[in-house]
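Residues per chain, in single letters:
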Amino acid sequence: MAGEGEEDMPRDAKIVKSLLKSMGVEDYEPPVIHQFLEIWYRYVVDVLTDAQVYSEHASKSTIDSDDLKLAIQSKVTFSFPQPPPREVLLELAASRNKIPLPKLVAGLGVPLPPEQDTLISPNYQLVIPKKSASTELEETEDEDEDMTDPASQTSQQQRTSELPSQTPQRVSFPLSRRPN
């Protein structure tokens, strides 16, 4: 992988390859270099675009080093946020640890928390439309009729418009426990 076709490689690819070598990475797939180049180019384009916006805001015709420094600083600040101070984390951990963990049910096998505290409790519903007996009879009669008669088509439309709107019935199924 490393050392293949180095003479026809672009200058930027050679730089990425030497960076990988300096970090002790000797064996890698060839697309790794292209991925690093893509990240590198995207970062440079983002920084230069931001620097151009900063120079235009300052009514300058060209980008100078101050614009580049500001663009890089803003990129680092917003891309890599600093973690909260240690004191804040300790305070948050102390308040969270005041709440005791749920008691475990003793038994054979792996101890698990109560079912209401797990993600395997029933959490779904099925929508089953209500069908009345008269609707089912009408459907079977309609299938038997000849649909070439225009009068039968209009009478079918009248019957469907006369039916009350059906509200679906919601049913949930709890998961049953398997016998041990």
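Keep in mind the model is a prediction, meaning the values are calculated, not measured.

The next subject is the environment of Val47. Within the secondary structure layout, Val47 lies in helix α2 (residues 31-57). Sequence separation between Val47 and Gln73 is 26 residues, and the spatial gap between their C-alpha atoms is 9.5 Å.

Residue placement: Ser55 occurs in helix α2. Ser55 sits in the buried class, given a relative accessible area of 3%. With near-sequence residues (within four places) excluded, Ser55 lies in contact with Lys60, Thr62, Ile63 and Asp67.

We now examine the packing of helix α1 (residues 11-22) against α2. Interaxial distance between α1 and α2 falls to 10 Å at its minimum, and their mutual angle equals 110°. Classified by the interaxial angle, the pair formed by α1 and α2 is roughly perpendicular. Packed against α1, whose contacting residues are Asp12, Ala13, Ile15, Val16, Lys17 and Leu20, the element α2 presents Val32, Ile33, Phe36, Leu37, Trp40 and Tyr41 at the interface. When the residues that make up the contact of α1 with α2 are grouped by side-chain class, the tally is ten nonpolar, no polar and two charged.

In this section: the nonpolar core. Judged by nonpolar contacts, Met9, Ala13, Val16, Leu20, Tyr28, Ile33 and Leu37 together constitute the single largest core of seven residues. At three residues, α1 tops the list of elements feeding residues into this core. Not counting the four nearest positions on each side in its chain, Ala13 is found in contact with Ile33 and Leu37.

As a further point, take helix α3 (residues 65-79). For α3, built from 15 residues, the straight-helix expectation of 21 Å at 1.5 Å per residue is met to within 8% by its first-to-last C-alpha distance of 21 Å. Those residues of α3 that fall on the buried side of the exposure criterion are Asp67, Ala71, Ser74 and Lys75. Looking down the long axis of α3, one finds its buried residues gathered within 100° of arc, a one-sided arrangement. The exposed residues of α3 that point more than 90 degrees off its buried face are Asp66, Lys69 and Gln73.

Let us look at the confidence of the model for the protein chain. Confidence in the prediction of the protein chain, expressed as mean pLDDT, is 76, and 63% of residues score 70 or more. Across the protein chain, the element-wise mean pLDDT spans from 52 in helix α6 (residues 150-162) up to 95 in helix α4 (residues 86-97).

For the rest of this paragraph, the subject is α1. The end-to-end C-alpha distance of α1, which contains twelve residues, comes to 16 Å, matching closely the 16 Å that a straight helix rising 1.5 Å per residue would cover. Listed as buried for α1 are Asp12, Ala13, Val16, Lys17 and Leu20. End-on view of α1: buried residues confined to an arc of 140°, all on one side of the axis. The exposed residues of α1 that point more than 90 degrees off its buried face are Arg11, Lys21 and Ser22. On its buried face, α1 is in contact with α2. Once α1 finishes, Gly24 follows within two positions and takes phi at roughly 90°, a positive value.

Enumeration according to the criterion identifies five salt bridges in this entry. In this structure, the salt-bridge partner of Lys75 is Asp46, at a minimum N-O distance of 3.4 Å. Highlighted residues: Lys75 in helix α3 and Asp46 in helix α2, separated in sequence by 29 residues. The partner of Asp67 in a salt bridge is Lys60, and the shortest N-O contact between them spans 3.1 Å. Residue Asp67 is classed as buried on the basis of its relative accessible area of 5%. A residue is classified by how much of its surface remains accessible, and Lys60, at 30% relative accessible area, is partly exposed. In the salt-bridge network here, residues are joined through shared partners; they are Lys60, Asp64 and Asp67.

Rules used in this analysis
Residues numbered from 1 in each chain as written. Predicted model: local features only at pLDDT ≥ 70, side-chain atom pairs only at ≥ 80, totals over all residues. Heavy atoms only, no water. Helix = DSSP H or I, 4+ residues; strand = E, 2+ residues; numbered from the N terminus. Buried < 20%, exposed > 50% of the residue type's maximum accessible area, 1.4 Å probe, protein only. Contact = heavy atoms within 4.5 Å. Axes fitted to C-alpha atoms, helices over the stretch in contact; angles between N-to-C directions. Parallel < 35°, antiparallel > 145°, perpendicular 65-115°, else oblique. Nonpolar A, V, L, I, M, F, W, Y, C, P; charged D, E, K, R; others polar. Core = buried A, V, L, I, M, F, W, Y, C linked by side-chain atoms within 4.5 Å. Expected span 1.5 Å × (residues − 1). Arc of directions from axis to C-beta. pLDDT = per-residue confidence, 0-100. Salt bridge = Lys/Arg side-chain N within 4 Å of Asp/Glu carboxyl O.

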